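Tertiary structure, described
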Amino acid sequence: MPDVRDGLRDGLRSALEVAGVAGAPGEIAIERPRDPAHGDWSSNVALVAAKAAGRPPRGLAEQIVAHLSAQPPPHVVEVTAAGPGFVNFRLAPSWLHEVLAEVVAAGVEGCARSTEGAGRSVSVEFVSANPTGPLHAGHGRWAAYGDSLCRLLERAGYRVCREFYVNDRGRQIDLFAASLSARQRGDEPPEDGYHGEYVTEWAEEMPAAADARQWGLERARQDQADTLAAMNVAFDLYTSESALVGRGAMDDALDELRRRGMVYERDGAVWLRTGDFGDSADRVLVKSDSEPTYFLPDIAYHHEKFSRSELVIDVLGADHHGYVPRMRAALAALGHSRDGYEALIGQNVTLRRGGTEVRLSKRTGDMVLVSELVDEVGPDVTRLVYLLQSIDTTQTIDIDVVSAQSAENPVYYLQYAHARIYSLTRQAAAREVQRVPLCGVDLSVLVHQRELDVLRALASLPDTARAAMRARAPHQVTTWARELAASFHRFWHDCPILRDDIGDDVRQARLWLVEATRIGLAAALDILGVSAPERL
RNA sequence: GCCCUCGUAGCUCAGUGGAUAGAGCAUCGGUCUCCUAAACCGUGUGCGCAGGUUCGAUUCCUGCCGGGGGCACCA
C-alpha cells in the first residue's frame, strides 16, 4: 500500500543532501504529532542529525524547511520548523482521500496487512490447560490473547500453527482419576486431589464400568474443546504427551542431549546441564524412580516444534514464568538459536462478582469458568473484555459490569458503531439511495473536521496492526478500534448523510466514508476475533 | 534472599525517547419536530520516590518503596 511518508522521506533526504549533512540516519522517522496543531506529520531528523552535522538542530531544521517549502513533497501545503528542531508537515486533505480509496480497495481481508512475516513460519502454543478440568476464566485470557496474536501474525504474512499441548500423563492425571473415582464411590477425593464441584458432577455422569482415567481425560478434553469453540478459538494441532512419548520423541530428545554431552547422572536421577545455559541450576529429566519429569517430554515437544516452525512462541501465565529459563536453556543445549524461542508471560486474571473477588482455583466451588462467562455475556464480549488491556497487567474482570447491558460496558461502544453503519445501510435501502461506484465520486468534498478525523484514524490502521504484532500486544488493536469508533460517532453526530438538505455529491462521498469505516472496523474486529452485530 | 511483572485522573485502564500525557466510568451541566441519544458536547491541581544516560525521560538504566506472581526428583 502506498504511504504518504515515503514522499516526505524522499523530500527530507534530498534536503539533507543539499544541506550537506553526510551522516543522515538511514531510516528517517516520521510520526504523527500528538498535538494536531503541530501538523499531520512530523520528523525529528534535524534533532537526530544535528550532532553529526555539528550544527544546532533548530538551524538545520530551518534549512530543511526552506528547501522543502520550495519543492514540497506530494500533498504538502506547509512545512515549518518548530520546537527544539522538529520539521512539521501540514498536508492537504487529498492525502486522506487517497487513504479512503486504499481502504476500500484493500477490503476487510486486505486491510492491516504487512509483509514482514512473508515466507516465515511460527508456532504459537497457548492455553495448554491440563486435562483435569474445565477452563477457568484465567485460561480464557490466553485463549483470546493467543488467537488474536495469531491473527496479527497471519496479517503480517506468517504461516501460523496454533498449538495446544495436552499433558495427559503423570501425577496430576493420577490424582484427577483418583478424585473422580472417589466421588463416584461417594468418598472425599485425596487430600491433594481435585475438590472442585465439577468433579462431583462428572463422577455422576461417569459409567460405573468406565476407566476413570481414560473417561476423565476425554471428558475434560471435550469440555475444553467445546469452550474454545464457543470462544471462536480453533487450534491447528493438539499434541498429546502420551502420544509424543509413545512415538519415541522423548527418548530421541534424551538421546540427542546425551550425544551432545549435556546430561549426567547424580543421586540416581538424570540431570540436564541447564545451569550452563543461563538457568539458575541444573534440572532433573528422569527422576530416581526412573519416571521422567514434566520437563523432559516438554523438551521433546519443543524440539519437535522447531522442525515445523522457524519461530516458536509460548504463551504462559505468570505462575509459569520460572519455567522459562530452563526451557530456554534446554533448547540452547539442543543447538536451537536463542532468538527462535519466545516466551510471552501474561499476568493473572481475577474476577469480581458482587463486589468481592472470586478465586480461580480448581479446589473452590465458586471458580468462574470461561464457559459461564461465555454463556452469560456471549463470545464477543468475552473476547473483547480479555483484549481490553495489556497482558502485562493483572486483569480484574468485574462480572457485574461486563454482564450489564449498559453504557458502562465498553464493548457496546464498538458494537454500536458497527450497528449504526448497518442501520444506515438499511435506511438508505428504504429511501432507495444507491451508492455509485467510487471512481465516480468526488472525495474532495470531504473536508469537515469530523470526516478528516475518521480518515486519519483509518490511515493509522496498518501501523497499528504492525506495531501490535511486533509488540505481541493485540490489545493495541482494541484501543485503535475504540478510537475509530469514537471518531465515527462524532462524525455521525455532526455530519448527516441521508437527510434531504444534503447535496448529492456530499452524500455519495460520506457513504463511501462510512463504507471505509465499516471495512476498517471489521478488519480490527476480525483480528480481535469478535463478530460485529448488524443491530443491537 | 533471588527472579518476573505492575505502580499514570476518585475508580478501571490506554499511551510515547520528544514539543500542552489520554479514554471509559463516576460527578455536575447541556443536546433528539432531524439517518438508532447504547450517541454527542462541556466539566480533570495525575506519570510511587531518588539518582543516572540523553539535546530531550512518564518512557531506557540503577537503587528504594508498595501490589501481584514464581523460586520441586509437581505440572
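Residues numbered from 1 in each chain as written. Chains lettered and ligands numbered in written order. Predicted model: local features only at pLDDT ≥ 70, side-chain atom pairs only at ≥ 80, totals over all residues. Heavy atoms only, no water.

1. Regarding the protein's contact with RNA strand B
Rules: We define proximity as follows: a residue is near a molecule or strand when any one of its heavy atoms falls within 4 Å of that partner. Polar contact is the term for a pair of N or O atoms within 3.5 Å; when the atoms are in protein, one must be able to donate a hydrogen and the other to accept it, and sequence-neighboring residues count only if both atoms are side-chain atoms. The numbering of helices and of strands both runs from the N terminus, where a helix is a DSSP run of H or I of at least 4 residues and a strand a run of E of at least 2.
Taken together, 65 residues surround RNA strand B, and among them Lys-51, Asn-167, His-321, Ser-390 and Arg-420 come closest. For RNA strand B, the fraction of atoms within 4 Å of the protein that belong to sugar or phosphate moieties is 62%. Contact between RNA strand B and Ser-423: a phosphate oxygen at 2.5 Å from a side-chain N or O atom of the residue. Among the secondary structure elements, those contributing two or more residues to the surface near RNA strand B are helix H2 (45-53), strand S4 (86-91), helix H6 (171-185), strand S9 (269-272), helix H15 (410-430) and helix H18 (475-494).

2. Overview of the domain arrangement of chain A
Here is the rule: An automatic or database domain assignment supplies the residue ranges for each domain. Throughout, a residue-residue contact means that at least one pair of heavy atoms, one from each residue, lies within 4.5 Å. Buried area is understood as the total, over both parts, of accessible area removed when two parts are fitted together, assessed with a 1.4 Å probe. Each salt bridge in this description consists of a side-chain nitrogen of Lys or Arg and a carboxyl oxygen of Asp or Glu lying within 4 Å of one another. Here the nonpolar group is Ala, Val, Leu, Ile, Met, Phe, Trp, Tyr, Cys and Pro; Asp, Glu, Lys and Arg are the charged ones; every other residue, Gly included, is treated as polar.
Domain annotation for chain A reports domain 1 (4-92), domain 2 (126-234 + 350-403), domain 3 (248-346) and domain 4 (410-528). The centre of domain 2, based on its C-alpha atoms, is set 37 Å off from the matching centre of domain 4. The interface of domain 2 with domain 4 comprises 18 residues on the first partner and 17 residues on the second. Taken together, both faces of the contact between domain 2 and domain 4 bury some 1,700 Å²; the carbon and sulfur share is 70%. Inspection of the region where domain 2 meets domain 4 yields two salt bridges. Here domain 2 is connected to domain 4 by seven residue pairs in polar contact (both at pLDDT 80 or more). If you list the elements that add at least two residues to the side of domain 2 that touches domain 4, you get helix H5 (137-155) and helix H13 (370-386). The element best represented in the side of domain 2 that touches domain 4 is H5, accounting for seven residues. Grouping the constituent residues of the side of domain 2 that touches domain 4 by class yields 11 nonpolar, three polar and four charged.

3. Digging into the pattern of salt bridges
A side chain with one charge can pair with a side chain of the opposite charge if their charged atoms come near. Applicable threshold: Exposure is judged per residue with a 1.4 Å probe applied to protein chains only, and the accessible area is read against the type maximum: over 50% gives exposed, under 20% gives buried, and values in between give partly exposed.
Applying the stated rule across the entire model yields 42 salt bridges. Of the charged contacts in the structure, one is a salt bridge between Asp-192 and Arg-171, with a shortest N-O distance of 3.0 Å. Note that Asp-192 is positioned in the loop between H6 and helix H7 (197-205) and Arg-171 in helix H6, a separation of 21 residues in sequence. Judged by relative accessible area, which is 53%, Arg-171 ranks as exposed. In this structure, the salt-bridge partner of Glu-342 is Arg-472, at a minimum N-O distance of 2.7 Å. Of the two residues, Glu-342 is situated in strand S12 (residues 341-346) and Arg-472 in the loop between helix H17 (461-470) and H18; the sequence distance between them amounts to 130 residues. In this structure Arg-472 comes out as buried when scored by relative accessible area, which is 12%. If you follow the salt bridges from partner to partner, you end up with Asp-147, Arg-151, Glu-154, Arg-155, Arg-162, Arg-383 and Asp-526 in one network.

4. Brief notes about the packing of H5 against H13
Counted only if it meets this: Helix axes are fitted to C-alpha atoms over the stretch in contact, other axes to C-alpha atoms as well, and angles between N-to-C directions run from 0 to 180 degrees. Here a crossing is called left-handed whenever its near helix is offset anticlockwise from the far helix by less than a right angle, and right-handed whenever the offset is clockwise.
Between H5 and H13, whose axes approach to 11 Å, the crossing angle comes to 35 degrees. Between H5 and H13 lies a crossing of right-handed hand. Judged by residue contacts, Ala-137, Gly-140, Arg-141, Ala-144, Asp-147, Ser-148 and Arg-151 of H5 engage Val-370, Arg-383 and Tyr-386 from H13. Taken together, the residues of the contact of H5 with H13 sort by class into four nonpolar, two polar and four charged.

5. Concerning the pairing of strand S15 (residues 395-398)
Going by this rule: Two strands qualify as a pair provided DSSP detects at least 2 bridges between them.
Side chains of S15 alternate between two faces, with Gln-395 and Ile-397 buried and Thr-396 and Asp-398 left unburied. Of the strand pairs in this sheet, strand S13 (residues 349-353) and S15 are connected by four bridges, and their pairing is parallel. Residue pairing for S15: Arg-352 is matched across the bridge by Asp-398.

6. Some remarks on the sheet that holds strand S11 (residues 311-317)
The strand order across the open sheet built from five strands is S7-S6-S5-S11-S12, with neighbouring strands paired in parallel fashion. With one partner strand each, in any of the chains shown, strand S7 (237-240) and S12 form the two edges of the open sheet. In this sheet, neighbouring strand axes are inclined to one another by 25 degrees on average, regardless of whether the strands run parallel or antiparallel. Where S11 lies against S12, six bridges are found, and the strand directions are parallel. When the bridges of S12 are listed, Ile-313 appears paired with Glu-342. Contacts from helix H11 (residues 295-308) reach strand S5 (121-125), strand S6 (159-166), S7, S11 and S12 within the one sheet, and its direction differs from that of S6 by about 165 degrees.

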